[in-house]
Amino acid sequence: MPVELTILAWAMLLLLVHIFAAAHVKTKQYGAQWNMGARDESLPPLNPLAGRLARAQANFQETLPIAIVALIGVVLADRTSDLTAWGGFIWLGARVAYLPIYGLGIPVVRTIMFMVSLIGIGMVLWPLLSF
């Protein structure tokens with residue numbers, strides 16, 4: 001099995017970590033009744049940690065489709081290589097680091113990790129863009 005698909009499987013687990021981390025902190029703030037309810041009521045703003053985790057989740061979900069297309073695309077096009085594998089690992093590693101960095105509210109480093117993840121995606125996409 002191509003390593004790019006393994007990276008994608010780990011990314012799906014990371015997505016679950018994002019979802020559950022954000023939901024756990026929101027539930028701590030708003031309570032179990034809110035979590036199990038219809039969530040129709042107006043609520044106070046999220047506390048800083050819950051807000052950061054929700055934004056980190058949204059950011060991951062915004063860029064994840066690009067990574068999915070890139071990782072599956074190189075497999076389907078038979079364009080996998082050391083470059084695409086390294087790019088996938090760089091992307092995934094940066095995204096793993098991004099969550100706690102954002103959760104802790106560390107500025108600048110969060111942006112650097114985001115940029116590193118984009119470089120990784122670019123490494124995977126490059127063979128698909130080459131003619």
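Residues numbered from 1 in each chain as written. Predicted model: local features only at pLDDT ≥ 70, side-chain atom pairs only at ≥ 80, totals over all residues. Heavy atoms only, no water.

A. Representation of the side chain of Arg-95 within the structure. In this structure, Arg-95 sits in helix H4 (residues 82-103). As a buried residue without a salt bridge, Arg-95 has its nearest oppositely charged side chain in Glu-62, at a separation of 7.8 Å. Aside from chain neighbours lying at most four places away, what touches Arg-95 is Leu-14, Ala-56, Asn-59, Phe-60, Thr-63, Phe-114 and Ser-117. (Helix = DSSP H or I, 4+ residues; strand = E, 2+ residues; numbered from the N terminus. Buried < 20%, exposed > 50% of the residue type's maximum accessible area, 1.4 Å probe, protein only. Lys, Arg positive; Asp, Glu negative; His and termini not counted. Salt bridge = Lys/Arg side-chain N within 4 Å of Asp/Glu carboxyl O. Contact = heavy atoms within 4.5 Å.)

B. Quick peek at H4. The terminal C-alpha atoms of H4, which comprises 22 residues, lie 32 Å apart, in line with the 32 Å expected from a rise of 1.5 Å per residue. A distance of 3.2 Å separates the backbone nitrogen of Leu-83 from a side-chain oxygen at the start of H4, and that oxygen is part of Ser-81. Once H4 ends, the next one or two residues include Gly-105, with phi positive near 75°. (Expected span 1.5 Å × (residues − 1). Polar contact = N/O pair within 3.5 Å; in protein donor to acceptor, adjacent residues only side chain to side chain.)

C. Spatial organisation of the nonpolar core. Ranked by internal contacts, the top residues of the largest apolar core, which has 15 residues, are Phe-60, Leu-64, Leu-71, Trp-91 and Leu-92. Elements with a contribution of two residues or more to this core: helix H1 (3-30), helix H3 (48-76), H4 and helix H5 (109-129). At 6 residues, the largest contribution of residues to this core is made by H3. Sequence-distant contacts of Leu-64, that is, excluding residues within four places in its chain, are made with Ala-11, Met-12, Leu-15 and Trp-91. If you look at the next biggest cluster of nonpolar residues, it comprises 11 residues, including Leu-53, Ala-94, Ile-101 and Met-113. (Core = buried A, V, L, I, M, F, W, Y, C linked by side-chain atoms within 4.5 Å.)

D. Spotlight on a nonpolar patch on the surface. There is a patch of nonpolar side chains on the surface, built from Trp-10, Leu-13, Leu-16, Ile-19 and Phe-20 and spanning about 520 Å² of accessible area. Looking at Phe-20, the relative accessible area reads 57%, which means it is exposed. (Patch = residues over 30% accessible without salt bridge, like charges linked within 9 Å, V, L, I, M, F, W, Y side chains within 5 Å. Areas by Shrake-Rupley, 256 points an atom, 1.4 Å probe, with all protein chains shown as cover.)

E. Local environment of the environment of Met-115. Mapping Met-115 onto the fold places it in helix H5. Residue Met-115 is classed as partly exposed on the basis of its relative accessible area of 44%. C-alpha of Met-115 to C-alpha of Gly-51: the two residues are 64 residues apart in sequence and 21 Å apart in space.

F. Inspection of the environment of Arg-39 at higher detail. With respect to the secondary-structure elements, Arg-39 resides in the loop between helix H2 (32-36) and H3. In this structure Arg-39 comes out as partly exposed when scored by relative accessible area, which is 43%. In the structure, Arg-39 is positioned 28 residues away from Ala-67 in sequence and 31 Å away in space, judged by C-alpha atoms.

G. Here's a closer look at the side chain of Arg-52. Mapped onto the elements, Arg-52 comes out in helix H3. The buried charged residue Arg-52 lacks any salt bridge, with Glu-62 as its nearest oppositely charged partner at 17 Å. A polar side-chain atom of Arg-52 sits 2.9 Å from the main-chain carbonyl oxygen of Gly-103. Contact partners of Arg-52, with chain neighbours within four places excluded, come to Tyr-102, Gly-103, Leu-104 and Gly-105.

Geometric values such as these leave the question of function open.
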